[in-house]
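# Descriptive analysis of the structure
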Amino acid sequence: MSRKLHSEPSITSLSAICEHIQISNSSRHDKVPAVVKRLLNSWNTKDCFEHISPVSIPSHEKVIDIVQQARRILFPGYFTKTRLHAANLEYYIGKETTDLYEKVNEQITMAIRHDCRRNNLPCTNCEERSQEMTLAFIESLPEVTAILATDIRAALAGDPATDSPDEIIFSYPGLLAISIFRLAHELFRLKVPIIPRIMTEYAHSLTGIDIHPGATIGQGFFIDHGTGVVIGETTIIGNDVRLYQGVTLGALSLPRDAGVRMRHKKRHPTIEDNVIIYANTTILGGDTVIGAGSVIGGNIWLTESVDAGTRVLLKRPELIYSNSR
Amino acid sequence: MSRKLHSEPSITSLSAICEHIQISNSSRHDKVPAVVKRLLNSWNTKDCFEHISPVSIPSHEKVIDIVQQARRILFPGYFTKTRLHAANLEYYIGKETTDLYEKVNEQITMAIRHDCRRNNLPCTNCEERSQEMTLAFIESLPEVTAILATDIRAALAGDPATDSPDEIIFSYPGLLAISIFRLAHELFRLKVPIIPRIMTEYAHSLTGIDIHPGATIGQGFFIDHGTGVVIGETTIIGNDVRLYQGVTLGALSLPRDAGVRMRHKKRHPTIEDNVIIYANTTILGGDTVIGAGSVIGGNIWLTESVDAGTRVLLKRPELIYSNSR
Amino acid sequence: MSRKLHSEPSITSLSAICEHIQISNSSRHDKVPAVVKRLLNSWNTKDCFEHISPVSIPSHEKVIDIVQQARRILFPGYFTKTRLHAANLEYYIGKETTDLYEKVNEQITMAIRHDCRRNNLPCTNCEERSQEMTLAFIESLPEVTAILATDIRAALAGDPATDSPDEIIFSYPGLLAISIFRLAHELFRLKVPIIPRIMTEYAHSLTGIDIHPGATIGQGFFIDHGTGVVIGETTIIGNDVRLYQGVTLGALSLPRDAGVRMRHKKRHPTIEDNVIIYANTTILGGDTVIGAGSVIGGNIWLTESVDAGTRVLLKRPELIYSNSR
């Protein structure tokens, strides 16, 4: 030990040497407790958004588990290890659906309790409310599977690169995002806190498609490629609409304190039936209505309504050509 | 029970009361079977794309496992827990490659069988075909590793933010997407169904880069940042091409029934050798050719061919400046 | 075997016959060793970037594990299975932080050793340096948690779609990306090799938000939606800045050999305090400064500086309207 000290005479100050001994001698583990104290203090004094309370909060992991189990129910046979056939199907779906009921109920109970506590409200019938919400969610599954069938058919009709529903169910990010959105939207309508957004942000993470669970979206919806698509909370989309990657259906420019002033207002556009919107187009504003059957070209910035049956294109932008050599 | 009923006299209709009793008494589990019946009926009557059949289908999970194992073989030592050295390398690669053969063969067999069944074709030599395809795939790995080396060198040459091949192999989404594409493309060329697209959509999910497995891409390909890149099925890209985030190489506007009418036609552009395309530029159309050595600026919308050696820039767009206070 | 040979006389060349026998008779496993040999040869001769050496390299998986553990410490109670309360909090944070220290130290040691080896430098005090870096990183955690609290408040202030810090912590991709960036940036400042970029590319994969660990970002930073955001290595961002999806803060066009010529220069813009930049805007160049309090509209391409307090909008682009029927 002292040998090591002497062998490095170039270290100039004593404190540096001491520090160096400490480094040489032991792990710096012994400095960790001081950091822990500072962390604990920061939560006591600074409102650092810790969550230390007698009430559990929903688990990110379990919400994702719910999404995956629901997909196994909505698309039986596609995401299962068990091979399904006519004889075991009812047993399988019955078991999965009962399991799902339990999991959803558990997470919704936590979400409601936590929300009551956050708003300093009593939680007298949280469990009953959770059971009602859970049942309503489970009962919506047949409708969800039916509407997703229209979405799959829309993908088949709109994409020249495939003629296989299996390929769409297995691998299309658009269908994945819409599936998760449709589940999350049922919970959003039931006013379940937190969980719907965890679901759609899970879809966002997997697909780059960001659909707020509050959006209203008709049947036969197809998003091709999808990365960068943003669909805001108060958007209304009709039936048989097709979007491409990078399309934003968003709010007009928001003031600095937008979070407070604009809450609960219609801030996002309305897209009527049979509209096609090409890649990287942005449509903004709560009063903006794209009339039925319109076709909006790519790379367009629209903040005004468009009559039904209109085709909108960008005037050919001026490009400058020169020899690059 | 009745006590509870009487203690809540404000409930107005009997059915509401009854419902409430049920809520109070038990889980609503007992309503789940009715939902299951409705789900089963929906698949019987509505063509909801279930997969209930005596034939297994490829497993999403196992295809991802194949991709990860192939990467361990293509970049030995980077994604392994085992430390590799000259003495164990052959043993390690031998074992991984043999394992990979088995896994790929299993999934291809399922994919072919499933595809035959979907098209009502007999499946007389599915296993032999699968073995042939699997071997051809495994035999392509040395070429894939060689071409990926050119892609890594292209990243080193093109990105000022790194001088470390390790950083590129470990963390660059562009290289990840290209690696998976190059594997998927080999399977696509062998006409393996479903699996190539599951692979590239896995890459899309991880990186935001969406390359159809059918695209043709030369060596020394570099995508920087990458989120939002879309490269369509019939795109042809030469050697030493560099793309930035948000670049679309896509199809011209598609009619509503595009899925049927445009299938199997060249719909996406051709990019010749040594082209650079900057961020968020869109190039569309099967007849559009970007000549060798051209440089296409950012944010450009191009639907026409460009001669070799051309530099294309957007005319400076008119901006409106005002005081924001 | 010979029997089989004779039974298929229509196959024309002997080699084809033999090949076919092999196919028919057995798995093609026996062709795998030849592929393995070719793979091994390719690494010997072609510089295919294998990593075969006596030195271990950082593990992608373990770096991700570190990120997740650090998040559990920064947001106690949000991502844990254990329910936290006043009585067990110190114990919990103490244990997590000590664990984190060990894991970080292990990976940093590997990263330094590997880097020394790559640059043919001796590695005399790699373990000491690693301990110093690890401690400095752990000691930065209280500051990181404090600055993340300002980021959460900025999200609450800027987003009308939520009034819940829990929703933001649980599900906002912007906060996730910033959290991981702030951790990675501490390691980047300490000159830890490889690991910071693995961290931010993990965030990029999860969120579509690509922030280089070298960027400098003030407090109260909010990215809404986020997919497609790119923030380059030498970007400087002040306090209370808000960005939307698809914003690029990037470098001006790069020559073909940019990787070598531009390394270590300021290539990316400076964004002063209180700036808002709307969706899909691109700001480029190391000398470009966006003055404090400016508001930059969406879809804009800027390569020049803007005075403080300026509002910049795109002149309404000319659109062509026609009847789509």
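What you see is a predicted model; the values in this text were computed from it and never measured.

## Here we look at the overall build of chain A
Secondary structure summary: chain A contains eleven helices and 15 strands in total. Classification of the 325 residues of chain A by burial places 60% in the buried group. Pairs at least 24 residues apart make up 46% of the contacts formed inside chain A by residues separated by at least 6 positions.

## Looking at the side chain of D210(A)
Within the secondary structure layout, D210(A) lies in strand β1 (residues 210–211). The side chain of D210(A) is buried and forms no salt bridge, while R197(A), the nearest opposite charge, is found at 5.2 Å.

## Some details on the pattern of salt bridges
All told, the structure shown has 38 salt bridges over all chains when counted by the stated rule. Here E143(A) ties to R38(B) by a salt bridge, and the two come within 2.7 Å at their closest N and O atoms. Residue E143(A) is located in helix α7 (residues 141–158), and its partner R38(B) is located in helix α3 (residues 32–46); the two belong to separate chains. Among the residues examined, E143(A) registers a relative accessible area of 45% and is labelled partly exposed. The partly exposed category is assigned to R38(B), whose relative accessible area is 34%. Measuring nitrogen to oxygen at the nearest pair gives 3.2 Å for the salt bridge that ties E96(B) to R72(B). With E96(B) in helix α5 (residues 89–118) and R72(B) in helix α4 (residues 60–74), this residue pair connects regions lying 24 residues apart in the sequence.

## Some remarks on the interface of chain A and chain C
Interfaces are often sized by the accessible area lost when the parts come together. Listed as interface residues are 78 residues of chain A and, on the opposing side, 76 residues of chain C. Summed over both partners, the interface of chain A with chain C buries about 6600 Å², with 57% contributed by carbon and sulfur atoms. The tally of links between chain A and chain C comes to four salt bridges. The interface formed by chain A and chain C includes 14 residue pairs in polar contact (both at pLDDT 80 or more). Of all the elements in the fold, those that place two or more residues in the side of chain A that touches chain C are α2 (14–25), α3 (32–46), α4 (60–74), α5 (86–118), α10 (195–207), α11 (258–261), β13 (301–302) and β14 (310–314) of chain A.

## Examining the relation of the copies chain A and chain C
Note on the identical chains: chain A maps onto chain C by a rotation of 120° and an axial translation of 0.0 Å, with an RMSD of 0.0 Å. Put plainly, the chains are arranged around a three-fold axis. Mapped onto chain C, only 8% of the interface residues of chain A are again interface residues, and the two copies thus contact each other with different surfaces.

## Brief notes about the sheet that holds strand β5 (residues 236–237) of chain C
Residue and element names in this part refer to chain C. With parallel pairing, the four strands of this open sheet are ordered in space as β2-β5-β8-β11. Unpaired on one side and paired on the other, β2 (216–217) and β11 (289–290) mark the two borders of the sheet. The sheet contact formed by β2 and β5 spans two bridges and is parallel. When the bridges of β5 are listed, T216 appears paired with I236.

## Some points on the domain arrangement of chain A
The domains assigned to chain A are domain 1 (53–207) and domain 2 (228–325). The distance between the C-alpha centroids of domain 1 of chain A and domain 2 of chain A comes to 28 Å.

## Side note on the environment of V67(B)
All names here are of chain B. With respect to the helices, strands and loops of the structure, V67 is situated in helix α4. With relative accessibility at 1%, the residue V67 sits in the buried group. Separated by 37 residues in the primary sequence, V67 and V104 place their C-alpha atoms 9.8 Å from one another. The residues contacting V67, other than those within four sequence positions of it, are I180, M199 and Y202.

## Considering the sheet that holds strand β5 (residues 236–237) of chain A
Taking strand neighbours across the sheet as the criterion, the four strands line up as β2-β5-β8-β11 (chain A) in an open arrangement whose pairing is parallel. The open sheet is flanked by β2 (216–217) and β11 (289–290) of chain A, the only strands paired with a single partner.

## Concerning the interface of chain B and chain A
Contact residues are listed per partner, giving 77 residues for chain B and 76 residues for chain A. Together chain B and chain A conceal approximately 6600 Å² of surface at their shared face, both sides included; 57% is due to carbon and sulfur atoms. For the pair chain B and chain A, the interface holds four salt bridges. Between K315(B) and E318(A) there is a salt bridge; the shortest N-O distance is 3.5 Å. Run the count over chain B and chain A and you get 14 residue pairs in polar contact (both at pLDDT 80 or more). Counting only elements with at least two residues in the side of chain B that touches chain A, the list comes to α2 (14–25), α3, α4, α5, α10 (195–207), α11 (258–261), β13 (301–302) and β14 (310–314) of chain B. The leading source of residues in the side of chain B that touches chain A is α3(B), at ten residues. Looking at the side of chain B that touches chain A residue by residue, the class counts come to 31 nonpolar, 25 polar and 21 charged.

## So, the packing of aromatic side chains
Residue and element names in this part refer to chain A. One pass over the full model with this rule turns up twelve aromatic pairs over all chains. Geometrically, the ring pair formed by F79 and F170 is edge-to-face, given 6.0 Å between the ring centres and 80° between the ring planes. Residue F79 is located in the loop between α4 and α5, and its partner F170 is located in helix α8 (residues 165–171); the two are separated by 91 residues in the primary sequence. Residue F79 shares its accessibility class with F170, and that shared class is buried. Here the aromatic cluster, defined as three or more aromatic residues joined through ring pairs, consists of Y78, F79 and F170. Cation over ring: R71 sits above F79, and NZ or CZ is 4.1 Å from the ring centre.

## A few points about helix α9 (residues 173–189) of chain C
Residues and elements named next belong to chain C. The end-to-end C-alpha distance of α9, which contains 17 residues, comes to 24 Å, matching closely the 24 Å that a straight helix rising 1.5 Å per residue would cover. Counted residue by residue, α9 has 15 buried out of 17 residues, so it is predominantly covered. Of the residues one or two after α9, K191 is the one with positive phi, at around 65°.

## Observations regarding empty space enclosed by the protein
In the structure shown here, the tally under the stated rule is eleven cavities of 30 Å³ or more. Around the largest cavity, the lining comprises 20 residues; the ones closest to its centre are N280(A), G246(B), N280(B), G246(C) and N280(C). Of the residues in the lining of the largest cavity, the class split is no nonpolar, 20 polar and no charged. What the second largest cavity holds in volume is close to 110 Å³. Around the second largest cavity, the lining comprises 18 residues; the ones closest to its centre are S205(A), G208(A), S205(B), G208(B) and G208(C). Breaking the lining of the second largest cavity down by element, the ones donating at least two residues are α10 of chain A, α10 of chain B together with α10 (195–207) of chain C.

## Topic: the relation of the copies chain B and chain A
Overlaying chain B on chain A yields an RMSD of 0.0 Å, the required transformation being a rotation through 120° with an accompanying axial translation of 0.0 Å. Take the interface residues of chain B: only 6% of them recur as interface residues in chain A, which is what a contact between different surfaces looks like.

## Looking at the nonpolar core
In terms of nonpolar packing, the biggest core is built from 254 residues, with L243(A), L243(B) and L243(C) touching the most fellow members. Setting aside chain neighbours within four positions, we find L243(C) in contact with F221(C), F222(C), I223(C), D224(C), V229(C), I231(C), L249(C) and I277(C).

## So, unusual backbone geometry
Across residues other than glycine, the phi torsion is negative in most instances, and most of the peptide bonds are trans. All names here are of chain A. Within the chain, I194 stands out as a residue other than glycine whose phi angle is a positive 60°. Topologically, I194 is positioned in the loop between α9 (173–189) and α10. Even without being glycine, N280 reaches a positive phi, approximately 65°. Within the fold, N280 resides in the loop between β9 (276–277) and β10 (282–284).

## Quick notes on the confidence of the model for chain A
Residues and elements named next belong to chain A. The predicted model of chain A averages 85 in pLDDT, with 85% of residues at 70 or higher. Contacts from residues 1–25, a stretch scored under 50 in pLDDT, to residues over four places away or in other chains number 16 contacts. In the model output, the complex is listed with pTM 0.88 alongside ipTM 0.86.

## Some remarks on the packing of helix α7 (residues 141–158) of chain B against helix α9 (residues 173–189) of chain B
Residue and element names in this part refer to chain B. α9 packs onto α7 with a crossing angle of 150° between their chain directions and a minimal axis gap of 10 Å. The angle between the axes of α7 and α9 places the two elements in the roughly antiparallel class. Judged by the twist between their axes, the crossing of α7 over α9 is right-handed. Here L141, V144, I147, L148, D151 and I152 of α7 come into contact with α9, specifically with L175, I178, S179, R182, L183 and E186. Each residue belonging to the contact of α7 with α9 can be placed in one class, and the counts come to eight nonpolar, one polar and three charged.

Definitions and cut-offs
- Residues numbered from 1 in each chain as written.
- Chains lettered and ligands numbered in written order.
- Predicted model: local features only at pLDDT ≥ 70, side-chain atom pairs only at ≥ 80, totals over all residues.
- Heavy atoms only, no water.
- Helix = DSSP H or I, 4+ residues; strand = E, 2+ residues; numbered from the N terminus.
- Buried < 20%, exposed > 50% of the residue type's maximum accessible area, 1.4 Å probe, protein only.
- Contact = heavy atoms within 4.5 Å.
- Lys, Arg positive; Asp, Glu negative; His and termini not counted.
- Salt bridge = Lys/Arg side-chain N within 4 Å of Asp/Glu carboxyl O.
- Buried area = accessible area lost by both parts, 1.4 Å probe.
- Polar contact = N/O pair within 3.5 Å; in protein donor to acceptor, adjacent residues only side chain to side chain.
- Least-squares fit on C-alpha atoms with pLDDT ≥ 70 in both.
- Pairing = 2+ DSSP bridges.
- Domains from an automatic or database assignment.
- Nonpolar A, V, L, I, M, F, W, Y, C, P; charged D, E, K, R; others polar.
- Phe/Tyr/Trp six-rings, centres within 6.5 Å; stacked < 30°, edge-to-face > 60°.
- Lys NZ or Arg CZ within 6 Å of the ring centre and 35° of its normal.
- Expected span 1.5 Å × (residues − 1).
- 1 Å grid on protein atoms, 1.4 Å probe; cavity = no way out; pocket = protein on both sides within 12 Å on 5 of 7 lines; lining within 4 Å.
- Points joined across faces, edges and corners; volume = space filled by probe spheres on them.
- Core = buried A, V, L, I, M, F, W, Y, C linked by side-chain atoms within 4.5 Å.
- pLDDT = per-residue confidence, 0-100.
- Axes fitted to C-alpha atoms, helices over the stretch in contact; angles between N-to-C directions.
- Parallel < 35°, antiparallel > 145°, perpendicular 65-115°, else oblique.
- Left-handed = near helix turned anticlockwise from the far one by under 90°.

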